[in-house]
Amino acid sequence: MTEQVAIITGTGGDIGRAIAIQLSQDGFAVLCVDIARELNAETVDIIKGNGGKAQALTVNILDAVDQQTMLETAKTMGAPRLLVNNVGAISGASIQESTIENWQHDFDLNLKGAVSCFKTFESDFKTNQGVVVNIASVNGYGVYGHPGYSAMKAALVHFTKFAAVEYGKFGIRINAVAPGTVRTKAWNDRAEKNPKVFEEAKRWYPLQRVADPKDIANAVSFLSSSNADAITGICLPVDCGLTAGQAELAGTFSQSSDF
Ligand SMILES: NC(=O)c1ccc[n+]([C@@H]2O[C@H](COP(=O)([O-])OP(=O)(O)OC[C@H]3O[C@@H](n4cnc5c(N)ncnc54)[C@H](O)[C@@H]3O)[C@@H](O)[C@H]2O)c1
């Protein structure tokens, strides 16, 4: 039987790694794509150590030639069937602090890369009823810092809806996941500035915790599976309740101690 290939970007990072491990356990042959060779190789070693099928590819998803290499490599592994656009990065913390270069960086890594990857696999996905999951963020829904990043994540959610409507007739499903805070290496600089950053963040989450990379991987696994065959064009928050509201504020507004 032809292998079903999942292409996942940013698999050197903690969320991408957790997604790759989970999708391998779901039965996919996994193409792990990252610009960071060593971190990505570690991910592939973990998957192979678990008995899964995986291949590492060191490329820049912003490079047109690298996009073709991604497509060709995926095809040597089997039938490209699932794309997880997980690469993303923040730069300027506020509008006052952000330069136009920050905004360009945020556009490139959070939107252009995902759209480019989608276009690369578009033709195969039309014939193979492909599935796409975009990793967005709660920043696409409200103001939590990092304006360029937030605007591009909001655009990524809109792209998800747009593509779901345009490509539904081909049987392509495209959804997004919006994590809240997830403890990953991407937080290293902020955790260095303030070692209590995660403790302080918990206060705003109804579940009084932040998410783990595995929480995000579980949502991607569901949206990629046949259990989600009737779901397209949604963005699923995996945010420990953040976008539902804040208990402390509800308590102030209602003057009730029930929160
Ligand atoms: N960590 C969080 O709290 C959080 C919250 C919400 C959303 N997210 C989103 O989840 C995703 C993963 O986040 P993370 O915390 O694991 O990030 P991370 O920075 O740890 O990992 C991102 C990976 O992408 C790779 N990468 C960057 N540019 C690349 C390029 N041009 N080509 C190929 N690979 C490239 C990096 O080498 C890195 O391994 C991102 O889209 C992020 O915006 C994270």
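Figured I'd write up the structure that's included with this text.

Parameters and conventions
Residues numbered from 1 in each chain as written. Predicted model: local features only at pLDDT ≥ 70, side-chain atom pairs only at ≥ 80, totals over all residues. Heavy atoms only, no water. Helix = DSSP H or I, 4+ residues; strand = E, 2+ residues; numbered from the N terminus. Expected span 1.5 Å × (residues − 1). Buried < 20%, exposed > 50% of the residue type's maximum accessible area, 1.4 Å probe, protein only. Contact = heavy atoms within 4.5 Å. Pairing = 2+ DSSP bridges. Right-handed = clockwise from strand over helix to strand, strands pointing away.

1. Some words on helix α1 (residues 14-25)
Along an α-helix, residues three or four apart share an orientation, since each turn contains 3.6 residues.
Inference 1: For α1, spanning 12 residues, the distance from its first C-alpha to its last is 17 Å, which sits close to the expected 16 Å at 1.5 Å a residue.
Inference 2: Within the sequence span of α1, burial applies to Ile15, Gly16, Arg17, Ala18, Ile19, Ala20, Ile21, Gln22, Leu23 and Ser24.
Inference 3: Of the surrounding elements, those touching the buried residues of α1 are β1 (4-9), β2 (29-34), α2 (37-49), β4 (79-85), β5 (131-135) and α8 (213-224).
Inference 4: Directly after α1, the chain includes Gly27, whose backbone phi takes a positive value near 110°.

2. Some details on the pairing of β1
When a strand is regular, its side chains alternate between the sheet's two faces.
Inference 1: The element β1 is extensively covered by neighbouring structure, given that five of its six residues are classed as buried.
Inference 2: Bridge analysis of β1 against β4 gives five bridges, and the strand direction is parallel. Directly across from Ala6, in β4, lies its bridge partner Leu82.
Inference 3: Pairing of β1 with β2, which is carried by five bridges, proceeds in the parallel orientation. In the sheet register, Thr9 faces β2, and the bridge partner there is Val33.
Inference 4: In this fold, the crossover linking β1 to β2 by way of α1 has right-handed handedness.

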